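Observations on chain architecture
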Amino acid sequence: MVKSMDDRIAGLIVNVILLLFGIASVFPLLYVLSVSVTPFSEVLKNGGFILIPKSITFDAYRKLLMESAMPRAFAVTVIVTVAGTLLNIAITVLTAYPLSRKQLPGRSIFLLMVIFTLLFSGGMIPTYLVVKSLGLLNSIWSMILPNLVWSFNVLIMKSFYENLPEELFESARIDGAKEFHILWRLVVPLSVPVTLTVGLFYAVGHWNEYFQAIMYVTNRTLFPLQVIVREILIQTQQPLENSENITPTATMQMASVIMASLPIIIVYPFLQKHFTKGMLLGAVKG
Amino acid sequence: MTEKMVRNIWRFKALYLMLLPGCLYYIVFKYIPMYGAIIAFKDFNMSAGIWSSPWASPWNKHFVTFFHSPYFSQLLTNTFLISAYKLVFGMLPPVIMALLLNECRVKWFKGVIQTLTYMPHFLSWVIIYGIMLALLSQSSGLLNQWIKEAGGQAIPFLTSTTYFRSILVGSEIWQNLGWGAIIYLAAMAGIDPSLYEAARVDGAGRLRMIWHITLPGIRSVIIMLLILNLGHILDAGFEQIYILYNIQVYSVADILDTWVFRTGLQQLNFSLASAVGLFKSVIGIILVFSSNQIAKRWGEGIW
């Protein structure tokens, strides 16, 4: 089909607007990056930060790595993310699989138990009291256990398992395979993509975790990344002194932002399609 | 009969065993707190614990305290207004984004734009707060530098009651522009291509096709999402607001959740905070239920 002139112009306009949206999405982060590597001499020369500095320095990053709580917070967050995500996935699979088996007596009661928590919660204070009475305050577990299973993810996995062909289970059962065997050898290998998607949601949740930490953790050595970054961010700006080798507060702040978001930004483009799929799986449920 | 039932249950013992850890989690971290919410009707003290703390007298003391406090109308207004603004102003941008992506014919370009615009969804609010400092802070923010260069006065965007709500709404739109479009894109992919063919034969241009085919095709999804979001109108964005706000903007930014957090966990007024939390949860479940009912009924009318 021959494209008309109007169609071409329309296509061009569409692409230009899309480009603007794309720029709007990344420009702020690029600017943060630029501030984080701007040497103080440039700031003095230009009377402030500019988009593209003439020279760059990694002083702020070096200072953060050597003299701040960032490395430790990084370690805490990595531990919570790895251990937490593995536990999340294990328990979510173990919960979702039985719920997908329609013959299971009492299935609807268990299902209701899962779904009801999406509608109603006891609230943050009673939850805090439970965590406290279990002696979990100021431990890594307080950032993992209170949100161990997301009902939403259970429902996503359950509906995926339900769509596996029934004959598969029947033939396995004729072989005399036990349920754990069926789950491990048959169901898990068949559901790698959806498990990955769900795991990614959990992992991002852990990486970005802020609230559980400020609720349950007061011991500074256990503060995760987001808490430390926020602490760095609310430091008031020192007046700029006239010394060449000082690192301005803003530069330190932006370096901490880049450090905390870098892992996500690096990993995310490769996994984007799994995230998108998860979003749609969820939407179909909702 | 019962023996048969027991045997039936025994047959599924492996599945029940699998359910055990999940059940334990739900009971300990979800259902015990629901029981714990009764401290809203007690004068809780830490040493006595939930069970032995004395009942409040009268039973609704903490609720009455809250309803008569000056916070009540302020918190409710803030919660409602912030949510409503987000709903109204946040609805259109993802739809527009989806329409544009749907019209984009250059496949690789479309992919790049999708990757770029979905990205902010995965940034934490702490990171977004940092980004906003870089752009909006009064002393060194980019925007204020431009304003100063143009001869204007620096504006304290992040600490000004005038701008704070707009900043909440704006940053949420920025975060969800691309991600929110995914669901509309999926709905558009489900539109029968023969409709477009027919329209093309009739000589319809792109705009006409968007107006008469694409938009009607996703109308039901738009309305459905709107109804479902109405059910969550009391969730104005706890994490976002807590991380972004400061004492100068409490009067326009303090919502039920942030107040509960400060009153309970910082001032240790557990019973009062629980009462407000419970108040929110109860209204919340009513809203979610009604909106789901409306969505269902409305959905049946369509399909």
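Note that the structure is predicted; figures quoted are calculated from it, not measured. (Residues numbered from 1 in each chain as written. Chains lettered and ligands numbered in written order. Predicted model: local features only at pLDDT ≥ 70, side-chain atom pairs only at ≥ 80, totals over all residues.)

Structural notes on the overall build of chain B
Of regular secondary structure, chain B possesses 16 helices and zero strands. A globule of 303 residues ought to have a C-alpha radius of gyration of about 19 Å, yet chain B, at 25 Å, is considerably larger. Viewed in the frame of its principal axes, chain B has a C-alpha envelope of about 75 × 75 × 35 Å. By the burial criterion, 36% of the 303 residues in chain B qualify as buried. (Helix = DSSP H or I, 4+ residues; strand = E, 2+ residues; numbered from the N terminus. Rg over C-alpha atoms; globule rule 2.2 N^0.38 Å. Buried ≥ 20, exposed ≤ 12 C-beta atoms within 10 Å, placed from the backbone.)

Here's the deal with the interface of chain A and chain B
Taken residue by residue, the interface counts 76 residues in chain A and 73 residues in chain B. Elements with a minimum of two residues in the side of chain A that touches chain B: α1 (5–36), α4 (70–100), α5 (107–119), α6 (124–133), α9 (179–190), α11 (211–216), α12 (225–234) and α13 (249–285) of chain A. Per element, the largest residue contribution to the side of chain A that touches chain B is 17 residues, and it comes from α1 of chain A. Among the residues forming the side of chain A that touches chain B, the class breakdown is 51 nonpolar, 19 polar and six charged. (Contact = placed C-beta atoms within 7 Å. Nonpolar A, V, L, I, M, F, W, Y, C, P; charged D, E, K, R; others polar.)

A short note on the domain arrangement of chain A
Residue and element names in this part refer to chain A. Domain parsing of chain A yields domain 1 (30–67 + 239–272) and domain 2 (73–234). A straight line from the C-alpha centre of domain 1 to that of domain 2 covers 36 Å. Contacts between the two partners involve eight residues from domain 1, matched on the other side by eight residues from domain 2. Along the lines of polarity and charge, the residues of the side of domain 1 that touches domain 2 split into six nonpolar, two polar and no charged. (Domains from an automatic or database assignment.)

A closer look at helix α7 (residues 151–162) of chain A
Spanning 12 residues, α7 of chain A covers 16 Å between terminal C-alpha atoms, matching the ideal 16 Å at 1.5 Å per step. Taken as a whole, α7 of chain A has its buried residues at Asn-153, Val-154, Leu-155, Ile-156, Met-157, Lys-158, Phe-160 and Tyr-161 of chain A. (Expected span 1.5 Å × (residues − 1).)

Topic: the nonpolar core
If you look at the biggest cluster of nonpolar residues, it comprises 136 residues, and the most contacted ones within it are Met-157 of chain A together with Tyr-129 and Val-276 of chain B. Two domains share this core, each providing at least three of its residues, namely domain 1 (30–67 + 239–272) and domain 2 (73–234) of chain A. The residues touching Met-157 of chain A, leaving out its near neighbours within four places in the chain, are Thr-92, Val-93, Ala-96, Val-194 and Val-198 of chain A. (Core = buried A, V, L, I, M, F, W, Y, C linked by C-beta atoms within 7 Å.)

Focus on the confidence of the model for chain B
Taken residue by residue, chain B gives an average pLDDT of 91. The fraction at 70 or more is 98%. Scoring of the predicted complex yields 0.91 for pTM and 0.91 for ipTM. (pLDDT = per-residue confidence, 0-100.)

Structural notes on the environment of Leu-158 of chain B
Residues and elements named next belong to chain B. On the secondary structure map, Leu-158 appears in the loop between α8 (142–149) and α9 (164–176). Here Leu-158 falls in the buried class, since 21 other C-beta atoms lie within 10 Å of it. For the pair formed by Leu-158 and Thr-77, sequence separation is 81 residues and the distance between their alpha carbons is 20 Å. Excluding residues within four positions of it along the chain, Leu-158 makes contact with Met-132, Leu-136, Ser-137 and Ile-167.

Section: unusual backbone geometry
All names here are of chain B. Note that the residue after Ser-57, namely Pro-58, is joined by a cis bond; omega there is -5°. Summarising the element assignment, Pro-58 is placed in the loop between α3 (49–52) and α4 (61–68). One non-glycine residue, Leu-268, lies in positive phi territory at about 55°. Here Leu-268 shows up in the loop between α15 (256–266) and α16 (270–302).

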